[in-house]
Amino acid sequence: MFTKSMFETHLPKRKPSRRDFLKASAATAGALVVATTVDFGGNKAAALTMRDPPQPNAFIKIAPDNTVTVMIKHLDMGQGNATGLTTIVADELDADWSQMRSAFAPSNPLLYNNLLMGPIQGTGGSTAIANSWSQLRYAGAAARLMLIAAASDAWGVPEKEITISKGIISHVKSGKTAEFGEFAAKAAKVMPPAIVEPKQPKDWVYIGKHVPRLDSVGKTTGGTIYAMDIKRPGMLTAMVEHPPRFGGKVKSFDASAAKSVPGVVEVFQIPQGVAIVAKDTWSAIRGRKALRVEWDDSNAEQRSTEAMFADYRELLARPGVSAAKRGDAWGTLVKAAKVIEAEFAFPYLAHAPMEPLNAAMEIKDDGNVEVWAGAQFQTIETATIAWVLGTLPHNISLHTLWAGGSFGRRATPNADYIGELAQIAKNSKAKAPIHLVWSREDDLKGGRYRPMFLHSVRAGLDAQGKLIAWQQRLVGQSFMIGSPLEMAIVKNGVDETAVEGASDMPYAVPNFAVDWHNPKSEVTTLWWRSVGHTHTAQAVEVMIDRLAREAGKDPLEFRRELLKGHPRHLGVLNLAAEKGNYGEKLPKGRGRGIAVHESFKTFVAMVADVTVGADGTFRVDRIVAAVDCGIAVNPDIIRAQIEGGVGYGLGAALRNKITLANGFVEQSNFDGYKPLRISDMPQVEVHIVPSTEAPTGVGEPGVPPVAPAVTNAIYEATGKWFYSLPWKLDGLQST
Amino acid sequence: MPSLTINGKSFDLDVDPKMPLLWAIRDHANLTGTKYGCGVALCGACTVHLDGEPVRSCQMQVRDAIGRKVTTIEGVEGKVAKAVQGAWQSLDVVQCGYCQSGQIMNAIGLLAQNPKPSDADINNAMEGIVCRCATYVRIRAAIHEAAKSLG
């Protein structure tokens, strides 16, 4: 999620200084010592007030039992950042991997804000490693020096003669050794060092190597607790009947049948619909089924998908807001030797994380509020709860838990489902902890979709087959305009999340114009794993492939010529082409395609192999990916994220769409919205480009190149272009 | 009050005998390793063993499980279970992990029946268990590795 503009607003242009480190970790000097653990920051952070002792470091907690706990300020929804962030600290601290632990940090934007999002604690835009890299290297290096200082004092030997390796502090001359726990208390009293020098890459022990994921054991034995698994004494389960059409409102409801369902405790209206509160999930499901609601659809979206696309197509004929312009695209197209036009259509898409949206809330008698959620925008969520309940954010303890996927869905500019839970808790008379649970049907029908988009692209070639003009128009809803994040993202009337990947495409075209329309609908939309790139990569990379062929050039060579001056694009393009044997002659019915795309400052190229049977059967056999995400902190997690990105993008491109019939969503579960299954999954090979650049993210960038690489491979196998997604592969035949 | 045997322990559950087994396990036996993903047997996240066979607990009623042995991810034991969980861990299969209880319970069921499954056997057996993180490449590799370790 999030766009380049946001990065540019907040990304420090210089290396973080000592001052940044201190600012980021809210440190001055001194230490906090508690009875059983020495707190290098962390678990007291939520309660930190001006009177609390200053903490050297909010990210690292070393206990007398030698465990080192890294406070994870991000949501780990599967990307592996709990392991990744812990890796950075373990390396700087010279700890042993077996002593490393992770814990999700409390909600506290002063300590735990995302440095790429400004004052907000939140996860998105593939930024977890990118924004924490310097912060945690400095935190780990400082803690290491403090342990050395404590050992030096205790042993009466010079600091520079003390070494640390794999969790053992040693003084070679005297033969003295100690583990971290022994000096944790003493180290916490040491003045944090004024100068911190992180390690040189040649000295890294864990970064760039393999460490086992910290969440593997819990997640393979049923022990990991997700928000869905929270149990509190007397907890009730709530479900909400939402309007079946977007923009609909409750006109009236009859709760008599619902209230007679055993286990149903309360039924009441909230702004989001009608809430059922029951003693367990099954009672809530049955109670909701018995509920009768009449809806006021006077302001609701009542169009069908076809009608919406027809309206989009009308907009496509008119100029939109300019998102990028250089030279004279229209004037050049008139004079071009050859003009190629194509239209690309993209449906609404649901995120459909495996764990449906849910969260639990307990309002205590003293006014304090505890909340458990796969919290992705802690600052916005805390503020929303406080606003709904009429309290102050510091009265709210938000516990972030492992999340069963998100793909963008858990992060919304208005904390949608957590705000809904707050409404229920506020209006409930039961005085009990409440767990709001969305069903899979609620999830798929509940909106916040990747917006529908329609693109037209016109490109011109001169007589020598050189690309001289590109004009692209996009039509698709903005989810930023009108949201609290509008100011950070919308520039000159253009929502960058709508046009990213197109307006800033890297190919050298002297005459270039991209514009955009923001059509209105009550259907709610949101970022979906890789956001605008989910559609712009398809439009740009398929069009480029077609243009290469129209110019009589090899698609790889054509790209190389247009990407001069873009070494990182070329690096992944060349590596994927080499490892994927791009250009090799294949037998009839098989095709190989290539695509390259940058998103979130990470560069990914993919070579796709497909087989199209004479009978029209189709499968993607293999994806060979090359990725440049700067320094590879956890190579195996990077591979896993690219594998997952391939599957997520491929599943959507194969058959996913959310459609409306007179405003009603036509899909309700995994029969209508068919997810990728194991038999669909191609073989995936991931190659990482060695780099000394600062690390960037990999949660999202694996998604954009897969659909265009496969589309281009299908063309190779069949001679047919499938511009729109999902591919309409009926009647497919190999050539 | 229906009584169920789950992971070798007896649970007297104050529930409607027609309640789906999934909700009895999660909400009343408080064993939360078994997951809700779709409620209609389309995702397999709720897979448990009934007398050693993988079943979708969202489609079983409590009364169907009375007098039978219910095993969940928290209680699954034996050589095959150990090999499967070990392979999952050594290959770091998990991402979000929410579906993995179902994947593992189903994979144990597969290997108990077919100690040397081919890729096609794996596809057939595992097709019903959805992973939105698409960890399928590693799921396949882990099943092969578990099969290998079982000899």
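Residues numbered from 1 in each chain as written. Chains lettered and ligands numbered in written order. Predicted model: local features only at pLDDT ≥ 70, side-chain atom pairs only at ≥ 80, totals over all residues.

## Notes on the sheet that holds strand S17 (residues 369-373) of chain A
Residues and elements named next belong to chain A. Judged by pairing direction, the sheet is mixed, and its seven strands sit side by side in the order S11-S12-S9-S19-S16-S17-S18 without closing on themselves. Of all the strands in the sheet, the pair left with one neighbour each is strand S11 (264-270) and strand S18 (396-400). Strand-to-strand, the axes of this sheet are offset by a mean angle of 20°, without reference to chain direction. Bridging between strand S9 (residues 236-241) and strand S19 (residues 434-437) involves three bridges; their strand directions are parallel. The residue of S19 that forms the bridge with Ala238 is Leu436. Against the sheet, helix H9 (residues 281-290) makes contact with S9, S11, strand S12 (273-278) and S19, and its axis sits at roughly 25° relative to S9, the strand it touches most. Where helix H12 (residues 378-389) meets the sheet, its contacts fall on S17 and S18, and the angle it forms with S18 comes to roughly 140°. (Pairing = 2+ DSSP bridges. Helix = DSSP H or I, 4+ residues; strand = E, 2+ residues; numbered from the N terminus. Axes fitted to C-alpha atoms, helices over the stretch in contact; angles between N-to-C directions. Contact = placed C-beta atoms within 7 Å.)

## Side note on the packing of helix H3 (residues 79-90) of chain B against helix H6 (residues 136-150) of chain B
All names here are of chain B. Between H3 and H6, the shortest axis-to-axis distance is 8 Å and the interhelical angle comes to 135°. Comparing their axes, H6 and H3 come out oblique. Seen from above, H3 lies across H6 with right-handed handedness. Between H3 and H6, the residues in contact are Lys79, Val80, Ala83, Val84, Gly86, Ala87 and Trp88 and Ala142, Glu145, Ala146, Ser149 and Leu150, respectively. Split by residue class, the contact of H3 with H6 holds eight nonpolar, two polar and two charged. (Parallel < 35°, antiparallel > 145°, perpendicular 65-115°, else oblique. Left-handed = near helix turned anticlockwise from the far one by under 90°. Nonpolar A, V, L, I, M, F, W, Y, C, P; charged D, E, K, R; others polar.)

## Remarks on the sheet that holds strand S24 (residues 511-517) of chain A
Strand pairing in a sheet takes place through backbone hydrogen bonds and is either antiparallel or parallel in direction. All names here are of chain A. Strand order in the open sheet made by the five strands is S14-S24-S21-S20-S15, with mixed pairing throughout. Because the sheet does not close on itself, it has two edges, and the strands there are strand S14 (321-326) and strand S15 (338-346). Averaged over neighbouring strand pairs, the angle between their axes works out to 10° when direction is ignored. Running over the sheet, helix H10 (residues 305-316) touches S15, strand S20 (453-461), strand S21 (467-476) and S24 and is turned about 35° from S20.

## Re the domain arrangement of chain B
Residues and elements named next belong to chain B. Assigned domains of chain B: these are domain 1 (3-71) and domain 2 (79-150). One C-alpha centre belongs to domain 1, the other to domain 2, and the line joining them spans 21 Å. Listed per partner, the contact involves 14 residues of domain 1 and eleven residues of domain 2. Elements that contribute at least two residues to the side of domain 1 that touches domain 2 include exactly strand S3 (47-50) and strand S4 (53-56). Element by element, the count of residues in the side of domain 1 that touches domain 2 is highest for S3, at three residues. Residue composition of the side of domain 1 that touches domain 2, by class: five nonpolar, seven polar and two charged. (Domains from an automatic or database assignment.)

## Points about the interface of chain A and chain B
On the side of chain B, 43 residues touch chain A, which itself brings 46 residues to the contact. Among the elements that make up the side of chain A that touches chain B, the one with the highest residue count is helix H20 (residues 635-655) of chain A (seven residues). In terms of residue class, the side of chain A that touches chain B is made up of 20 nonpolar, 14 polar and twelve charged.

## A few points about the packing of helix H3 (residues 81-93) of chain A against helix H5 (residues 128-155) of chain A
Residues and elements named next belong to chain A. The contact between H3 and H5 brings their axes to 7 Å, and the two run at 30°. Considering only the axes of H3 and H5, their crossing is right-handed. Contacts from Asn81, Gly84, Leu85, Ile88, Val89, Asp91, Glu92 and Leu93 of H3 reach H5 at Ala128, Ile129, Ser132, Trp133, Leu136, Arg137, Ala139, Gly140, Ala141, Ala143 and Arg144. When its residues are assigned to classes, the contact of H3 with H5 shows eleven nonpolar, four polar and four charged.

## Focus: H5 of chain A
Quick reminder: α-helices carry 3.6 residues per turn. Residues three or four places apart thus point the same way. Residues and elements named next belong to chain A. When the terminal C-alpha atoms of H5 are compared, their 39 Å separation across 28 residues agrees well with the 40 Å that a helix rising 1.5 Å per residue should span. If you look at H5, its biggest bend is around 35°, right at Ser134. For H5, a buried count of 24 out of 28 residues is recorded, marking the element as mostly surrounded by other parts of the structure. (Expected span 1.5 Å × (residues − 1). Bend = angle between axes of the 7 residues up to and from the residue. Buried ≥ 20, exposed ≤ 12 C-beta atoms within 10 Å, placed from the backbone.)

## Examining the confidence of the model for chain A
Overall, the predicted model of chain A reaches an average pLDDT of 92, with 92% of residues at or above 70. This stretch, residues 1-56 of chain A, has a pLDDT under 50; its non-local contacts, to residues over four places away or in other chains, come to 119 contacts. (pLDDT = per-residue confidence, 0-100.)

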